[in-house]
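Listed below, chain by chain, are the residues.
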Amino acid sequence: MSGIGKVQDCGTKGRMDTNDSLRVASLWHSMHAISQQLSPVNGCSGIELLQADTFDLHCFQSLPGTKFFVVCEPGTPHMESLLRYIYELYTDYVLKNPFYEIEMPIRCELFDINLSQAVLSDRVALLGR
């Protein structure tokens, strides 16, 4: 997620620490803003997918502007729906938490539990195919 958010590393390759995640979010925010300005299409919402040889980086931007990221193996399906579900979890467990302050690190046990379950169930569904 953009800003000061949550780093949930559920992968088996290439771990990112918090500083790496903040660098990626910062770079992405800049590229996203530039792509909106340079796009020949009016109303462009910016970059949603970056494909590289060894990974894909998917981004979902909510209406208020919070960005959620998933880094996965190239060609991994259904990442857009996973990102939308993560946003639903964020709105249900983080934004409705009376102790959460916007732009502060996310420390919400129910969000953590449900996020881990969502990623695990998505991974199980992918491996079962």
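Reference entry: report on the structure contained in this document. (Residues numbered from 1 in each chain as written. Predicted model: local features only at pLDDT ≥ 70, side-chain atom pairs only at ≥ 80, totals over all residues. Heavy atoms only, no water.)

## Here's the deal with the sheet that holds strand S1 (residues 49-51)
Taken in spatial order, the three strands make up an open sheet running S1-S2-S3, and their pairing is antiparallel. Two strands bound the open sheet, and with one partner strand each, they are S1 and strand S3 (67-72). Each adjacent strand pair in this sheet contributes to an overall mean axis angle of 10°, direction not counted. With six bridges joining them, strand S2 (residues 56-61) and S3 adopt antiparallel strand pairing. Following the sheet pairing, Phe60 is matched in S3 by Phe68. Sheet contacts for helix H1 (residues 18-38): S1, S2 and S3; angle to S3, the most-contacted strand, approximately 115°. Sitting on the sheet, helix H2 (residues 79-94) is in contact with S2 and S3, with an inclination near 135° to S3. (Pairing = 2+ DSSP bridges. Helix = DSSP H or I, 4+ residues; strand = E, 2+ residues; numbered from the N terminus. Axes fitted to C-alpha atoms, helices over the stretch in contact; angles between N-to-C directions. Contact = heavy atoms within 4.5 Å.)

## Describing the nonpolar core
If you look at the biggest cluster of nonpolar residues, it comprises 18 residues, and the most contacted ones within it are Val70, Tyr90, Val94, Ile106 and Phe111. Of all the secondary structure elements, the ones that give two or more residues to this core are S3, H2 and helix H3 (109-127). Ranked by the residues each element gives to this core, the list is headed by H2, at seven residues. When neighbours within four sequence positions are excluded, Val70 is seen to be in contact with Asp56, Leu57, His58, Met79, Leu82, Leu83 and Ile86. (Core = buried A, V, L, I, M, F, W, Y, C linked by side-chain atoms within 4.5 Å. Buried < 20%, exposed > 50% of the residue type's maximum accessible area, 1.4 Å probe, protein only.)

## Concerning the environment of Leu115
Examined against the element boundaries, Leu115 turns out to sit in helix H3. What makes Leu115 buried here is its relative accessible area of 5%. It is 8.9 Å that separates the C-alpha atoms of Leu115 and Tyr90, two residues lying 25 residues apart in sequence.

## Examining the pattern of salt bridges
Taken as a whole, this structure holds two salt bridges when the rule is applied. Close ionic contact of Asp20 with Arg23 constitutes a salt bridge, the shortest N to O distance being 2.5 Å. Of this pair, Asp20 and Arg23 both sit in helix H1, three residues apart, which is roughly one turn of that helix. Looking at Asp20, the relative accessible area reads 25%, which means it is partly exposed. Across the pair Asp92 and Lys96 runs a salt bridge, and its minimum N-O distance is 3.4 Å. For Asp92, a relative accessible area of 38% gives the class partly exposed. (Salt bridge = Lys/Arg side-chain N within 4 Å of Asp/Glu carboxyl O.)

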